[in-house]
Amino acid sequence: MSSPHSAPRPSLRSLEVFAAAARDGGFTAAGASLGITQSAVSRQIADLEGMLGTPLFTRRGARLALTPAGRRLAERVGAALDEARAAVAEVAASDRVVTLSMLPSVAAKWLAPRLGAFVATHPEVDLRVAASRHLVDFAAEGIDAAIRYGPRPGPGLTALRLAGETITPVAAPRFLSAAGIAVTEDLRRAALLHGDLPEGWDAWFAAAGLEGPPRDGPRLGDDAAILQAAIEGHGIALGRSRLVAYDIAAGRLVAPFDVSIAASYAYWFVKPDGTPAAAALEAVEAWIAGAFQDVD
């Protein structure tokens, strides 16, 4: 009984040439599909048959036909090569994928308007966004990196500070007109939309020199929802400068006052310590860092 160590060990190239000849029905056609000559195919097949000690093809007129041994080998080799090609394609595709976590408001109001610019600059990257308000578990959730909004991230993460921002009231033009909002004192009677950031209406009223507590109003936990309510004319909101820039440029929102306050939080690009270098992830990080430096 022969041992595994004594079994023939043909080269991968000879098996690839054999599979092409079996598929294409001839040495000339196989050579054309592989980019080699007919004689090179013939030599590879002859060497393989010599190693195996059995013919793999018989000639039938102008075409070649597989012998029984050739058919068995073609089935197994063809399946193995298909599996190998699929594995290579899967690995190549995975190197293009970057999964990025961020708040839904950042995804909707900051990234989405810029997505076309990213795709145009980096068509080779398959960017996938996981929009969530919770701090993701990078490994468990398959996340490569994140844009986080808050204080400096804690240990275990490599963090790049992207930018800070300012906060100022914003509203739909028709709301300001209908409510007669012209000066800061008018906000004492205006419908105010409230969020859950550290800088709320109390802080802005103090910066504007307005005495007394702000009016109560609807409290929405997500900035995208707050800004959409403002766009729809349901009140005036405190807008984060990075998130309202496109809506102001499009005329959907107006910042009627010059008074703004600095946000205590900042934007950070974070990834787990020791994340392996990867071209796609590095491209995403560099593009995001550059985009945050653009003047909105």
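Residues numbered from 1 in each chain as written. Predicted model: local features only at pLDDT ≥ 70, side-chain atom pairs only at ≥ 80, totals over all residues. Heavy atoms only, no water.

Chemist: Looking at this structure, how should I read the confidence of the model for the protein chain?
Modeler: Any segment with low pLDDT has predicted coordinates that should not be analysed in fine detail. Here the protein chain averages 90 in pLDDT, and 94% of its residues register 70 or above. For the protein chain, the element scoring lowest by mean pLDDT is helix H4 (residues 68-94), at 80; strand E7 (residues 166-170) scores highest, at 97. (pLDDT = per-residue confidence, 0-100. Helix = DSSP H or I, 4+ residues; strand = E, 2+ residues; numbered from the N terminus.)

Chemist: Looking at this structure, I do not really get the packing of aromatic side chains. What am I missing?
Modeler: Two measures describe an aromatic ring pair: the distance that separates the ring centres and the angle between the ring planes. This model, assessed by the stated rule, comprises twelve aromatic pairs. Summarising the aromatic geometry, the rings of Trp110 and Phe292 are spaced 4.2 Å apart at their centres and angled 15 degrees between planes, so their arrangement reads as stacked. In this pair, Trp110 is assigned in helix H5 (residues 104-111) and Phe292 in helix H12 (residues 279-293), connecting sequence segments 182 residues apart. Look at Trp110 and you get buried, because its relative accessible area is 0%. Three or more aromatic residues joined by ring pairs form one cluster here, namely Trp110, Phe118, Tyr149, Tyr265, Tyr267, Trp287 and Phe292. Across from the ring centre of Tyr149, 3.7 Å away, lies the NZ or CZ of Arg240, which sits over that ring. (Phe/Tyr/Trp six-rings, centres within 6.5 Å; stacked < 30°, edge-to-face > 60°. Buried < 20%, exposed > 50% of the residue type's maximum accessible area, 1.4 Å probe, protein only. Lys NZ or Arg CZ within 6 Å of the ring centre and 35° of its normal.)

Chemist: What am I meant to see in the environment of Ser33 here?
Modeler: You can see Ser33 is positioned in helix H2 (residues 27-34). Its relative accessible area of 41% is what places Ser33 among the partly exposed residues. Along the sequence, Ser33 and Asp82 sit 49 residues apart, while their C-alpha atoms lie 16 Å from each other. Leave out the neighbours within four places in its chain, and Ser33 touches Ala20, Arg23 and Asp24. Separated by 3.4 Å, the side chains of Ser33 and Arg23 make a polar contact. (Contact = heavy atoms within 4.5 Å. Polar contact = N/O pair within 3.5 Å; in protein donor to acceptor, adjacent residues only side chain to side chain.)

Chemist: Help me understand the sheet that holds E7 in this model?
Modeler: Strand pairing in a sheet relies on backbone hydrogen bonds, with the paired strands running either antiparallel or parallel. Across the sheet, which stays open at both edges, the four strands sit in the order E8-E9-E7-E10 with mixed pairing between neighbours. The strands lining the two open edges of the sheet, one partner per strand, are strand E8 (192-193) and strand E10 (261-262). Two elements, E7 and strand E9 (residues 236-240), share four bridges in a ladder whose sense is antiparallel. Looking across to E9, one finds that Val170 is bridged to Ala237. This element, helix H10 (residues 223-231), spans E7, E8 and E9 of the sheet and lies at about 135 degrees to E9. (Pairing = 2+ DSSP bridges. Axes fitted to C-alpha atoms, helices over the stretch in contact; angles between N-to-C directions.)

Chemist: I tried to follow the sheet that holds strand E5 (residues 145-150) on my own but got confused; where do I start?
Modeler: The strand order E4-E3-E5-E11-E6 describes an open sheet built from five strands, whose pairing is mixed. Two strands bound the open sheet, and with one partner strand each, they are strand E4 (126-131) and strand E6 (157-163). Looking at each pair of strands side by side, their axes are set apart by 25 degrees on average, direction ignored. For strand E3 (residues 97-102) and E5, the ladder comprises two bridges, and the chain directions are parallel. Bridge pairing links Ser101 to Ala146 in E5.

Chemist: Can you help me understand the nonpolar core in this one?
Modeler: Grouped burial of nonpolar side chains is what soluble globular proteins tend to show. Counting residues in each nonpolar core, the largest one holds 56 residues, and the members touching the most others are Trp110, Ile147, Leu187, Trp204, Ile236, Phe269 and Ile288. With nine residues, H12 is the single largest residue contributor to this core. Not counting chain neighbours up to four residues away, the residues in contact with Trp204 comprise Ile167, Thr168, Pro169, Thr184, Leu187, Leu210, Leu238, Phe257, Val259, Ser260 and Ile261. Core analysis: the next-biggest nonpolar cluster, separate from the first, contains 17 residues, Val17, Ala30, Leu56 and Leu64 among them. (Core = buried A, V, L, I, M, F, W, Y, C linked by side-chain atoms within 4.5 Å.)

Chemist: So what exactly am I meant to see when it comes to the side chain of Ser101 here?
Modeler: With respect to the helices, strands and loops of the structure, Ser101 is situated in strand E3. Overall, Ser101 belongs to the buried group, its relative accessible area being 4%.

Chemist: Before we go on, may I ask you to explain the pairing of E3 in this structure?
Modeler: Residues in a regular strand project their side chains so that they alternate between the two faces of the sheet. With respect to burial, E3 is a largely interior element, six of its six residues being buried. Where burial is concerned, the two faces of E3 agree: the one with Val97, Thr99 and Ser101 and the one with Val98, Leu100 and Met102 are both buried. Where E3 lies against E4, six bridges are found, and the strand directions are parallel. The residue bridging Thr99 from the neighbouring strand is Arg128, located in E4.

Chemist: Can you walk me through H12 in this structure?
Modeler: Note on helix geometry: an α-helix contains 3.6 residues per turn, so any two residues three or four positions apart are oriented the same way. Compared with an ideal rise of 1.5 Å per residue, which puts 15 residues at 21 Å, H12 spans 21 Å between its outermost C-alpha atoms and is within 8% of the ideal. Restricting attention to buried positions, one finds in H12 the residues Ala280, Leu281, Ala283, Val284, Glu285, Trp287, Ile288, Ala289, Ala291 and Phe292. (Expected span 1.5 Å × (residues − 1).)

Chemist: Sorry if this is basic, but what is going on with helix H3 (residues 38-52) here?
Modeler: An ideal rise of 1.5 Å per residue puts 21 Å on 15 residues; H3 measures up with 21 Å between its terminal C-alpha atoms. Along H3, the residues that are buried comprise Ala40, Val41, Ile45 and Leu48. Looking straight down H3, one finds its buried side chains confined to an arc of 130 degrees; they lie on one side. Among the exposed residues of H3, those oriented more than 90 degrees off its buried face are Arg43, Asp47 and Gly50. (Arc of directions from axis to C-beta.)

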